[in-house]
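Summary of structural features
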Amino acid sequence: MYKGTVRSIPMIVVLIIVTCGIYYIYWIYKTTEEIKNFMEREDINPTLELILSIVTCGLYTFYWIYKYGKMVNTEMPKKVGMESSEDNTILLVILALFISPVTVAIFQDKLNNIWNSIGDNSDNTTSNIES
């Protein structure tokens, strides 16, 4: 089973602020790629998601948060045998309107929990921790 990269949440927030949001764009691409690989879905295209986010001046990211938030909160935990927690996708979208680094922190925390629940003996694991 594919295991994505566990990322440091404080470092993500700092990088988003220091790079004036450029790291946020990179984070969207990498997260979409990891979700695609984990869910084994060919209909997910990280490049298209990135282009739509840039072309719409960030408006598409609200839909991205909703779309992938649903996966991260409901589908992905089931796949690893975790209990599906309450779906806070709408909260993530609302927070993204005002404080996007907080949205990223919550989203990444959920992903980190999923990645950490996958055993280290998986075949396609990513062993490094990206800061």
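Note that the structure is a prediction, hence the values are computed from the model and not measured.

1. Here we look at the nonpolar core
What tends to happen in soluble globular proteins is that the nonpolar side chains get buried as a cluster. With 29 residues, the main nonpolar core has Trp27, Ile35, Phe38, Trp64, Met76, Phe107 and Trp115 as its most contacted residues. Among the elements of the structure, α1 (9–18), α2 (22–39), α4 (60–79), α5 (89–98) and α6 (100–117) are those that each provide at least two residues to this core. Discounting chain neighbours no more than four positions away, the residues touching methionine 76 are Ile35, Phe38, Met39, Met71, Leu111, Ile114 and Trp115.

2. Section: the pattern of salt bridges
Under the criterion given, the structure shown has six salt bridges. Here arginine 41 makes a salt bridge to glutamate 75, at a shortest N to O gap of 3.9 Å. Placement of arginine 41 in the loop between α2 and α3 (46–55) and of glutamate 75 in helix α4 is noted, with a sequence separation of 34 residues between them. When salt bridges with common partners are traced through the structure, they connect Arg41, Asp43 and Glu75 into a single cluster.

3. A few points about the environment of isoleucine 114
Examined against the element boundaries, isoleucine 114 turns out to sit in helix α6. Judged by relative accessible area, isoleucine 114 falls into the buried class, the value being 0%. Between the alpha carbons of isoleucine 114 and glycine 81 there is a distance of 9.5 Å; along the sequence they are 33 residues apart. Excluding anything up to four places from it in sequence, isoleucine 114 contacts Phe38, Val72, Met76, Pro77, Val80 and Met82.

4. A look at the environment of valine 6
Tracing the sequence through the fold places valine 6 in the segment before α1. The buried category is assigned to valine 6, whose relative accessible area is 17%.

5. Digging into unusual backbone geometry
A positive phi angle, close to 55°, is found at glutamate 40, a residue other than glycine. Here glutamate 40 lies in the loop between α2 and α3. The class of glutamate 40 is exposed, set by a relative accessible area of 64%. Positioned with a positive phi, cysteine 57 is a non-glycine residue whose angle comes to about 55°. In this structure, cysteine 57 sits in the loop between α3 and α4.

6. Regarding a nonpolar patch on the surface
Nonpolar side chains collect at one region of the surface, where Tyr63, Tyr66, Ile90, Ile94, Leu97, Phe98, Ile99, Val102 and Ile106 lie side by side and expose about 860 Å² of accessible area between them. Elements that contribute at least two residues to the nonpolar patch include exactly α4, α5 and α6. Within the secondary structure layout, leucine 97 lies in helix α5.

Criteria and cut-off values
- Residue numbering note: each chain is counted from 1, following its sequence as written.
- Whole-chain, interface and lining totals are the exception, using all residues; otherwise, since this is a predicted model, local features are given only for residues with pLDDT of at least 70 and side-chain atom pairs are given and counted only at 80 or more.
- Processing note: side-chain calculations cover all non-hydrogen atoms of the structure and skip hydrogens and water entirely.
- What makes a nonpolar core is a set of buried Ala, Val, Leu, Ile, Met, Phe, Trp, Tyr and Cys residues whose side-chain atoms join them at distances within 4.5 Å.
- Exposed residues in this analysis have more than 50% of their type's maximum accessible area, buried residues have under 20%, and partly exposed residues fall in between, with area computed by a 1.4 Å probe over protein chains only.
- Strands here mean DSSP runs of E at least two residues long; helices mean DSSP runs of H or I at least four residues long; both are numbered from the N terminus.
- Contacts are assigned to residue pairs with any non-hydrogen atoms lying within 4.5 Å of each other.
- Only one rule defines a salt bridge in this text: a Lys or Arg side-chain nitrogen within 4 Å of an Asp or Glu carboxyl oxygen.
- Residues enter a patch when their relative accessible area is above 30% and they make no salt bridge; the linking distance is 9 Å between like charges and 5 Å between nonpolar side chains (Val, Leu, Ile, Met, Phe, Trp, Tyr).
- Note on areas: Shrake-Rupley with a 1.4 Å probe; residue coverage comes only from the protein chains shown.

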